[in-house]
Amino acid sequence: MTTNADEPGARPRRRPPAGAAVLREDVTEAIRAAVFAELASVGYARMSIEGIARRAGVGKTAVYRRWRSKLHLVLDVVSALAVMGLPTPDTGSLEGDLRLLYEVTSRALRHPVASQVIPDLQAEAARNPDIAEAMQKALRDGQEGVASTILAAAEKRGEIRAGADRQLALDLISGPLYWRSVVIRGPKLPKGYLASLTRATTEALRAL
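First, a word on what this report is: a plain description of the structure on this page.

What counts, and at which threshold
- Residues numbered from 1 in each chain as written.
- Predicted model: local features only at pLDDT ≥ 70, side-chain atom pairs only at ≥ 80, totals over all residues.
- Heavy atoms only, no water.
- Helix = DSSP H or I, 4+ residues; strand = E, 2+ residues; numbered from the N terminus.
- Buried < 20%, exposed > 50% of the residue type's maximum accessible area, 1.4 Å probe, protein only.
- Contact = heavy atoms within 4.5 Å.
- Areas by Shrake-Rupley, 256 points an atom, 1.4 Å probe, with all protein chains shown as cover.
- Polar contact = N/O pair within 3.5 Å; in protein donor to acceptor, adjacent residues only side chain to side chain.
- Core = buried A, V, L, I, M, F, W, Y, C linked by side-chain atoms within 4.5 Å.
- Expected span 1.5 Å × (residues − 1).
- Bend = angle between axes of the 7 residues up to and from the residue.
- Axes fitted to C-alpha atoms, helices over the stretch in contact; angles between N-to-C directions.
- Parallel < 35°, antiparallel > 145°, perpendicular 65-115°, else oblique.
- Left-handed = near helix turned anticlockwise from the far one by under 90°.
- Nonpolar A, V, L, I, M, F, W, Y, C, P; charged D, E, K, R; others polar.

## Some thoughts on the overall build of the chain
Per the secondary structure count, the chain includes nine helices and zero strands. For the chain, with 208 residues in total, the buried portion stands at 38%. In the chain, of all internal contacts separated by at least 6 residues, the share reaching a separation of at least 24 is 65%. Accessible area for the chain stands at about 12,600 Å²; split by element, carbon and sulfur atoms hold 54% of it.

## Here we look at the side chain of glutamate 159
Among the secondary structure elements, glutamate 159 is positioned in the loop between helix H7 (129-157) and helix H8 (166-184). In this structure the side chain of glutamate 159 is engaged in a polar contact, spanning 3.0 Å, whose partner is the backbone nitrogen of leucine 94. In contact with glutamate 159, other than residues within four places in its own chain, are Ser93, Leu94, Ala154 and Arg206.

## Regarding the nonpolar core
Residues Ile31, Val35, Tyr44, Leu73 and Leu121 are the most contacted members of the largest nonpolar core, which totals 31 residues. Secondary-structure elements contributing two or more residues to this core are helix H1 (25-46), helix H2 (49-56), helix H3 (60-64), helix H4 (70-84), helix H6 (112-125), H7 and H8. Not counting residues up to four positions away in its chain, the partners in contact with leucine 121 are Leu39, Tyr44, Val74, Val78, Ile131 and Met135. Core analysis: the next-biggest nonpolar cluster, separate from the first, contains 19 residues, Leu151, Ala169, Ile173 and Leu194 among them.

## Quick notes on H8
Since the α-helix advances by 3.6 residues per turn, residues separated by three or four positions end up pointing in the same direction. The end-to-end C-alpha distance of H8 is 26 Å, a good match for the 27 Å that 19 residues give at a rise of 1.5 Å each. By the largest-angle criterion, tyrosine 178 marks the main kink of H8, which is about 35°. Within the span of H8, buried status applies to Ala169, Leu170, Ile173, Ser174, Leu177, Tyr178, Ser181 and Val182. For H8, the capping residue at the N-terminal end is aspartate 165, with a side-chain oxygen 3.2 Å from the backbone nitrogen of glutamine 167.

## With respect to the packing of helix H5 (residues 94-110) against H8
H8 packs onto H5 with a crossing angle of 30° between their chain directions and a minimal axis gap of 11 Å. With respect to each other, H5 and H8 are oriented roughly parallel. Both H5 and H8 take part in a crossing whose hand is right-handed. Only Leu172, Ile173, Leu177, Tyr178, Ser181 and Val182 of H8 make contact with H5, whose side of the interface consists of Leu98, Leu101, Tyr102, Thr105, Ser106 and Leu109. Residues belonging to the contact of H5 with H8 are distributed by class as follows: nine nonpolar, three polar and no charged.

## Comments concerning the environment of arginine 185
Checked against the element boundaries, arginine 185 lands in the loop between H8 and helix H9 (193-207). In this structure the C-alpha to C-alpha distance between arginine 185 and arginine 110, which are 75 residues apart in sequence, comes to 8.6 Å.

## Description of the packing of H5 against H9
The contact between H5 and H9 brings their axes to 9 Å, and the two run at 135°. Here H9 runs oblique to H5, going by the angle between their axes. Helix-helix and strand crossings are classified by hand; for H5 and H9 the assignment is right-handed. Only Leu194, Ala195, Leu197, Thr198, Arg199, Thr201, Thr202 and Leu205 of H9 make contact with H5, whose side of the interface consists of Leu94, Glu95, Leu98, Arg99, Tyr102, Glu103 and Ser106. When the residues that make up the contact of H5 with H9 are grouped by side-chain class, the tally is seven nonpolar, four polar and four charged.

Pasting the structure below:
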């Protein structure tokens with residue numbers, strides 16, 4: 001037996017509140033991808049919500065329903081990099097772990113989008129503390145988390161001295177490759193560079 005909603009005592013049918021449309025995840029991801037593409041193409045300063053929406057194939061309203069400004073959209077996308085993180089190597093040796101870390105990091109930094117986006121956002125970070133904080137979290141915290149795990153495993157295996165200067169060790173691991181890939185920004189690494197860097201870093205860490 002069905003109850004007519006107009007009958008006395010009948011419960012009215014519930015309707016979704018106006019304006020409460022579900023935000024489609026595929027649209028959200030399309031917008032995030034468009035942000036990276038726009039950053040690589042025109043840079044942060046020239047990037048616009050209109051350009052992002054056009055590249056994502058959506059209206060500006062779809063963007064503003066998710067983020068209230070260009071800054072908040074970029075901060076969200078950059079912060080997502082920290083969540084993704086880097087895989088933690090577990091080869092059973094310090095040298096093996098470093099070589100795998102360098103290979104993965106090098107590929108990521110040489111990606112056409114990353115090679116354009118990271119330097120541009122670093123320049124913006126000098127002027128905008130919010131972007132600076134997001135970049136620090138995405139680049140430094142993620143890399144240092146993996147490097148710290150590598151160092152802890154090496155110390156446990158007796159490959160490096162217990163109580164060695166941890167901050168200096170982290171700088172030794174992360175500094176050279178970022179200098180080469182982000183600051184110098186050469187088109188490609190010299191032949192044998194990663195192998196030489198791995199050996200040199202391993203020896204430097206053992207000497208701490």
